[in-house]
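# Secondary and tertiary structure notes
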Amino acid sequence: MKVLVIGGGAREHALCRSLSLDPDVTSLYCAPGNAGIAEVAELHPVDALDGDAVARLATELGAELVVVGPEAPLVAGVADAVRAAGIPCFGPSREAAQLEGSKAFAKDVMAGANVPTARSYVCTTPAEIDEALDAFGAPYVVKDDGLAAGKGVVVTDDLEAARAHALACDRVVIEEFLDGPEVSLFAITDGTTVLPLQPAQDFKRALDGDEGPNTGGMGAYSPLPWADPKLVEEVMQTVLQPTVDELRRRGTPFSGLLYAGLAITSRGVRVIEFNARFGDPETQVVLARLRTPLAGVLLGAANGTLDVVPTLSWRDDAAVTVVIASHNYPGTPRTGDPIEGLADVAAKDGPHAFVLHAGTRQDGDAVVSAGGRVLSVTATGKDLTEARDRAYTAVGRIRLDGSQHRTDIARKAAEEA
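Below is a summary of the structure that appears in this document. Computed from a predicted model, the values in this text were never measured in an experiment. Within each chain, residue numbers correspond to sequence positions counted from 1 in written order. Per-residue local features are limited, in this predicted model, to residues with pLDDT of at least 70; the limit for side-chain atom pairs, both in listing and counting, is 80 or more; totals at the level of whole chains, interfaces and linings are taken over all residues. Processing note: side-chain calculations cover all non-hydrogen atoms of the structure and skip hydrogens and water entirely.

## A look at the overall build of the protein
Helix and strand counts for the protein stand at 14 helices and 24 strands. Seen through its C-alpha atoms, the protein measures out along the principal axes to roughly 55 × 45 × 40 Å. Partly exposed residues are those whose accessible area sits between 20% and 50% of the maximum for their type, while under 20% is buried and over 50% is exposed, using a 1.4 Å probe and protein chains only. Expressed as a percentage of its 417 residues, the buried residues of the protein come to 56%. Residue burial considers only the protein chains on display, and all accessible areas are found by Shrake-Rupley using a 1.4 Å probe. Carbon together with sulfur atoms contributes 48% to the accessible area of the protein, which is approximately 16,600 Å² in total. Positive: Lys, Arg. Negative: Asp, Glu. His and the chain ends are not part of the count. Note on charges: their place is set at NZ of Lys, CZ of Arg, CG of Asp or CD of Glu. Charged side chains of the protein number 37 positive and 58 negative; the gap between the two group centres comes to 2 Å. By definition, any uninterrupted DSSP run of H or I lasting at least four residues is a helix, any uninterrupted run of E lasting at least two residues is a strand, and each is numbered from the N terminus.

Below is the structure:
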């Protein structure tokens, strides 16, 4: 099978790494990719938001499966253009991707599917914003209705900060605060059949102890030793299957990756948000634990034949990923700094630890930073303690001037396991 992956972050590097290890994949391409992905896939330039350009590239390469990684191309309808060219595509249609593209659309779908979520108001005027903030009180949860690259949500006790964020959005969802730990659960679906993956937990705040501003994610781990063993089964029955069924009933079937962001509250599981693609950095740890070859599962979702795909097989190992971010992230990041030590990780820590590239590019013989989140250092081990030790050992080998990373990824879970 010839596979083309669209995107250029650590999520796409994780996908390409797994696909490169699949014996059924004979040719692997990525567009536009990054310096790390170039080691496992042939790179091609493309405007990832231009569906016609992506479809043309897939046709030229003879791709038999296109995997769209990021959310923005999906919301822009890239998967529709690829399918119109007669090529199987893993990723929802433009209409179905509104599950992530519009928080208000997602709330409406959840209401129709009777999926448990936070009470909320959709606001477009200052008066509506003030009324909603007053109704719920602190802590205030304010979400930009549209795509914001994981940074459109503000959770704060500061009324003025909440109001300022709300006023900066064209349309905003204000909702009740959900207590309890958060869990990410991915499911692969063809619009009818739903195959859940293993749950993970990510860390959104920039600094140790969940301090500092929200980011796109500073690390993740899987499995969750503290979670109810029946969590996946419960979420399948109350969230994932009902949502897929509701979208199909509406005439906008969802095929691809359905990502449920969940809060395990004192009143039960509640959906915080849906995403329409693999999450970053959770993908890095989930795919590190997946034993089943990936390409056939993604093709089954794209072709509507997921019902005949065998049950997924998982490694017993735990996995931890630690994000190395550039100077000033999540503000405007400094780029162009050389990255050293990558070869040391490959030589000394493989196969248990590996580096997935996010914001990198090749500059002559050097690999340099090219974004906010630069690398995802991922490791596996017999338990979270061993996986953490291996991940942080590998992090210690990498040198990037001014870089930052959290030192407490999965620490609490490892101590309590």
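Once the structure has been displayed, the description carries forward.
## Considerations on the pattern of salt bridges
One side-chain nitrogen of Lys or Arg within 4 Å of one carboxyl oxygen of Asp or Glu is enough to make a salt bridge. For the structure shown, the criterion picks out 23 salt bridges. Here Arg277 ties to Glu71 by a salt bridge, and the two come within 3.2 Å at their closest N and O atoms. Pair noted here: Arg277 is in the loop between strand E17 (268-275) and helix H10 (282-289) and Glu71 is in helix H3 (residues 71-75), with a separation of 206 residues, a long-range link. No difference in accessibility class separates Arg277 from Glu71, as the two residues are buried.

## Here's the deal with the pairing of strand E4 (residues 65-68)
Judged by which residues are buried, E4 turns out to be covered on both faces: Leu65 and Val67 on one side and Val66 and Val68 on the other are all buried. Strands qualify as paired when DSSP identifies two bridges or more between them. Examined bridge by bridge, E4 and strand E5 (residues 89-90) share two bridges and lie parallel to one another. Each residue of the ladder has a partner; that of Val67, found in E5, is Phe90.

## So, the sheet that holds strand E18 (residues 318-325)
Across the sheet, which stays open at both edges, the five strands sit in the order E12-E15-E18-E23-E20 with antiparallel pairing between neighbours. Edge positions in the sheet fall to strand E12 (201-202) and strand E20 (353-357), since each has one partner strand and no second. Relative to strand E15 (residues 219-222), E12 is paired through two bridges, and the arrangement is antiparallel. Each bridged residue has a counterpart across the sheet, and for Asp202 the counterpart in E15 is Ala220. Contacts are assigned to residue pairs with any non-hydrogen atoms lying within 4.5 Å of each other. Between the N-to-C directions of two axes lies an angle of 0 to 180 degrees, each axis being a line fitted to C-alpha atoms and, for a helix, fitted only over the stretch in contact. Across the sheet, H10 lies against E12, E15, E18, E20 and strand E23 (373-381), angled at about 150° from E18, the strand it touches most. Sitting on the sheet, helix H13 (residues 384-395) touches E15, E18, E20 and E23, and the angle it makes with E18 is about 30°.

## Quick look at the environment of Arg163
For Arg163, the location among the structural elements is in helix H8 (residues 159-167). Sequence spacing of Arg163 and Tyr140 is 23 residues, and the spatial spacing of their C-alpha atoms is 9.2 Å.

## Overview of the pairing of E15
Within a regular strand, the side chains alternate between the two sheet faces. The alternating pattern of E15 places Gly219 and Tyr221 on one face and Ala220 and Ser222 on the opposite face, and all of these are buried. Sheet topology places E15 next to E18; four bridges connect them, and they run antiparallel. Pairing of Ala220 across the sheet is with Thr321, part of E18.

## Considerations on the nonpolar core
Side chains of nonpolar character tend, in soluble globular proteins, to be buried together. Here, nonpolar core means buried Ala, Val, Leu, Ile, Met, Phe, Trp, Tyr and Cys residues that are tied together by side-chain atoms lying within 4.5 Å of each other. In terms of nonpolar packing, the biggest core is built from 77 residues, with Leu4, Val66, Leu240, Val320 and Ile398 touching the most fellow members. The element best represented in this core is helix H9 (residues 231-249), accounting for seven residues. In this structure, Val66 is in contact with Leu4, Ile6, Ala58, Val82, Ile87, Pro88, Cys89 and Phe90, ignoring residues within four places of it in sequence. Among the nonpolar cores identified, the runner-up in size contains 44 residues, and Cys30, Tyr259, Ala319 and Leu356 belong to it.

## So, unusual backbone geometry
The omega angle of the peptide bond from Ala138 to Pro139 is -5°, so this bond is cis rather than trans. Checked against the element boundaries, Pro139 lands in the loop between helix H7 (126-136) and strand E7 (140-144). Residue Tyr329 is joined to Pro330 through a cis peptide bond whose omega torsion reads 10°. A positive phi angle, near 60°, is found at Asn114, a position not held by glycine. With respect to the helices and strands, the residue Asn114 is situated in the loop between helix H6 (103-113) and strand E6 (120-123). The exposure class of Asn114 is exposed, given its relative accessible area of 67%. Of note, Ala410 is a non-glycine position whose phi angle comes to about 65°, a positive value. Its place among the elements puts Ala410 in the loop between strand E24 (399-400) and helix H14 (411-416).

## What to know about H13
Given a rise of 1.5 Å per residue, 12 residues ought to cover 16 Å, and the 16 Å separating the end C-alpha atoms of H13 matches this to within 8%. Taken together, the buried positions of H13 are occupied by Leu384, Ala387, Arg388, Ala391, Tyr392, Ala394 and Val395. In a view along the axis of H13, the buried residues occupy a sector of 155°, so they form one face of it. Buried-residue contacts for H13 involve E15, E18, helix H12 (342-349), E20, E23 and H14. Counted as a polar contact is a pair of N or O atoms within 3.5 Å, where, for protein atoms, one must be capable of donating a hydrogen and the other of accepting one, and residues adjacent in sequence contribute only when both atoms are in side chains. Its side-chain oxygen 3.3 Å from the backbone nitrogen of Thr385, Asp383 forms the N-cap of H13. Helix span is expected to be 1.5 Å times the residue number reduced by one. Here the arc refers to the directions that run from the helix axis out to each C-beta atom.

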